[in-house]
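Read off the chains here:
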Amino acid sequence: MKNYHMSPDEFRKQGKQMIDWIADYYENLEKYPVLSQVKPGEIKNQLPVTAPANSESIEQIMADVNSIIMPGITHWQSPNFFAYFPSNSSGPSVLGDLLSSGLGVQGMLWATSPSCTELETRVLDWLAEMLQLPERFKSSSAGGAVIQDTASSAALSAVLAAREKKTNYQTNDTGNLGNLVAYVSSQTHSSLEKAVKIAGIGKNNLRLIEVDENLAMRADLLEAAIQKDLQAGLIPFFVCATVGSTSTNAMDPLTEIGRICQTHQLWMHIDAAMSGTAAICPEHRHFLNGIELADSFSFNPHKWMFTNFDCNCFFVADRSALIKTLSILPEYLKNQATESGAVCDYRDWHIQLGRRFRSLKLWFVIRHYGVNGLRYHIQEHIRLAQQFAGWILSSNDFALAAPAPLNLVCFAHKNGNDFNRKLLETINNSGKMYFTHTIIDGKYILRMCFGQTNTTEEHVRQAWETIQETAKKLT
Ligand code: PLP
């Protein structure tokens, strides 16, 4: 019978070449312009409008990767990438991910691959230890954790579980009650607004609490907003506190917010997407103080823990609230293991049914680096950021624009918004490095985020030189 499949032998040959290609890429990363320089449509216009009718070789495909796809890549793995937040990766992570693809496991139920579930549970318990999370977030207690695709999905899961808990698990059946209210700060990531919209809470029922001079949520204003809503007959149900806001790395006061949540019986979610990783270092663990009051917590190893996208870790203190919210058991998924109650079926812990074997890459990463190795590199990133912040502080032309508690430095040139915008564009268009901006109090602020796997002091010195020299030329 005719067969178009790739044989194991051909796969072996092509696979080895692909690993070589990726290793060459890593070796040559610094030769590429960090920010892709293509114009909109430039990549699409080089691609055929219709799919090929006949088989093409991997060599032909890779030739197009080199000539068409690569120019449209922004090099997130470049050591000169300082934009947004890191999305860092590493050899062990890519290998773990490749193995996951090779096994092709769909781990929706314990029974569909026990290793997929049990490795995930074990690795997440390791992480709970590494982050010194309270016992209740571990699988041995009432809580536990799951790997989700993103912090956005984790936030949505938290909002849904909070909604159900507040309404005695009725809203899933009856539809939204229309008077639930959620609270975030004006600096909270947009994924929370999205979650509130999707969960049927409604954007009008999302309160954006004002922040203090450090851009952290003001707990007194949170309390006042809750009181106001209660008096109006509304039902407060959910608060998201952030550890390391996207814009400036602001740290919300977890303990104060947690106490308010306890008083009013609100679900407290902590979004620590990037900065949560820092808590594996004992000297930075204090940023999570107050987590003992939280109902859920999420952070992204796919940002700052050398684990390639996607990999979010979502911890809950009471897994039954999450499972009661998201569990549906149609006949065709029924099986003895599930019915015995002795196993965990992670399909009940998130929105989608199917799930990849993501814990493999996390396991590879943690075992390759060891906890000490991970700490070392996180500490090094923070050291580099603090050194950069020191240079800004001693500069006559630039000033810090927000506190820099960890690996993100926000700063601006004294010449004002238009100048800073031009400075950023000029440098990014040069391809030498890539960094991005934010707006604080109407001011255009430059952001340098330090967290790429291979960024060294030399790269940071070079970046600072580029920024200073370009600023001089533009003055
Ligand atoms: N929360 C914070 C604080 C972030 O910085 C980000 C970054 O994009 C997100 C959530 C969203 O992350 P994800 O892409 O995993 O949904």
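The shown structure was predicted, so the numbers you read here are calculated from the model rather than taken from an experiment. (Residues numbered from 1 in each chain as written. Predicted model: local features only at pLDDT ≥ 70, side-chain atom pairs only at ≥ 80, totals over all residues. Heavy atoms only, no water.)

A. Broad picture of the sheet that holds strand E2 (residues 180-185). Pairing in this open sheet of seven strands is mixed, and the strands run E1-E7-E6-E5-E4-E2-E3 from one edge to the other. The sheet terminates laterally at strand E1 (144-148) and strand E3 (206-209), the two strands that pair on one side only. Strand after strand, the sheet turns through a mean of 20° between neighbouring axes, direction not considered. Summarising the sheet, E2 and strand E4 (residues 235-242) pair through four bridges and their orientation is parallel. Opposite Leu-180, over in E4, you have Ile-235 as the bridge partner. (Pairing = 2+ DSSP bridges. Helix = DSSP H or I, 4+ residues; strand = E, 2+ residues; numbered from the N terminus. Axes fitted to C-alpha atoms, helices over the stretch in contact; angles between N-to-C directions.)

B. Inspection of the packing of aromatic side chains at higher detail. Per the counting criterion, the structure on display carries 22 aromatic pairs. Ring centres of Tyr-84 and Tyr-434 lie 5.9 Å apart, and the angle between their planes is 85°; on these two criteria the pair is classed as edge-to-face. Separated by 350 residues along the polypeptide, Tyr-84 in the loop between helix H2 (58-69) and helix H3 (91-103) and Tyr-434 in the loop between helix H14 (417-430) and strand E10 (436-440) bring together distant segments of the chain. Taking 5.3 Å as the distance between ring centres and 70° as the angle between the ring planes, the aromatic pair formed by Tyr-346 and Trp-349 counts as edge-to-face. By relative accessible area, which is 2% here, Tyr-346 ends up buried. Among the residues examined, Trp-349 registers a relative accessible area of 4% and is labelled buried. A network of ring pairs unites the aromatic residues Phe-82, Phe-388, Trp-391, Phe-398, Phe-411, Phe-450 and Trp-464 as a single cluster. (Phe/Tyr/Trp six-rings, centres within 6.5 Å; stacked < 30°, edge-to-face > 60°. Buried < 20%, exposed > 50% of the residue type's maximum accessible area, 1.4 Å probe, protein only.)

C. Spotlight on the site of the ligand. The environment of the ligand is formed by 13 residues, the closest being Ala-151, Ser-152, Thr-246, Asp-271 and Asn-300. A distance of 2.5 Å separates an oxygen atom of the ligand from a polar side-chain atom of Ser-152. In the environment of the ligand, a nitrogen atom lies 2.6 Å from a nitrogen or oxygen atom belonging to the side chain of Asp-271. For the ligand, whose free accessible area comes to 400 Å², the fraction covered by protein is 90%. Mapped onto the shell around the ligand, the elements with two or more residues apiece are helix H5 (151-166) and helix H10 (301-304). Per-class residue counts for the shell around the ligand are three nonpolar, eight polar and two charged. (Near = heavy atom within 4 Å. Polar contact = N/O pair within 3.5 Å; in protein donor to acceptor, adjacent residues only side chain to side chain. Areas by Shrake-Rupley, 256 points an atom, 1.4 Å probe, with all protein chains shown as cover. Nonpolar A, V, L, I, M, F, W, Y, C, P; charged D, E, K, R; others polar.)

D. Quick peek at the domain arrangement of the protein. Each assigned domain of the protein is listed here: domain 1 (8-88) and domain 2 (106-355). Computed over C-alpha atoms, the centres of domain 1 and domain 2 are 35 Å apart. Between domain 1 and domain 2, the contact holds four residues from the first and 11 residues from the second. The contact between domain 1 and domain 2 buries some 550 Å² in all, and 54% of this surface belongs to carbon and sulfur atoms. It is Phe-85, Pro-86 and Asn-88 that lose the most area in domain 1 upon contact with domain 2, and together they represent 84% of the buried surface on that side. There are zero salt bridges connecting domain 1 and domain 2. Applying the counting criterion to the domain 1 and domain 2 interface returns five residue pairs in polar contact (both at pLDDT 80 or more). Tallied by class, residues from the side of domain 1 that touches domain 2 come to two nonpolar, two polar and no charged. (Domains from an automatic or database assignment. Contact = heavy atoms within 4.5 Å. Buried area = accessible area lost by both parts, 1.4 Å probe. Salt bridge = Lys/Arg side-chain N within 4 Å of Asp/Glu carboxyl O.)

E. Seen up close, the packing of H5 against helix H7 (residues 190-198). Remark: H5 packs on H7, axes separated minimally by 9 Å, with the N-to-C direction vectors making an angle of 45°. One element, H5, and the other, H7, form an angle in the oblique class. Read as a crossing pair, H5 and H7 show a hand that is right-handed. Between H5, through Ser-152, Ala-155, Leu-156 and Val-159, and H7, the contact on the second element is made entirely by Ser-191, Leu-192, Ala-195 and Ile-198. (Parallel < 35°, antiparallel > 145°, perpendicular 65-115°, else oblique. Left-handed = near helix turned anticlockwise from the far one by under 90°.)

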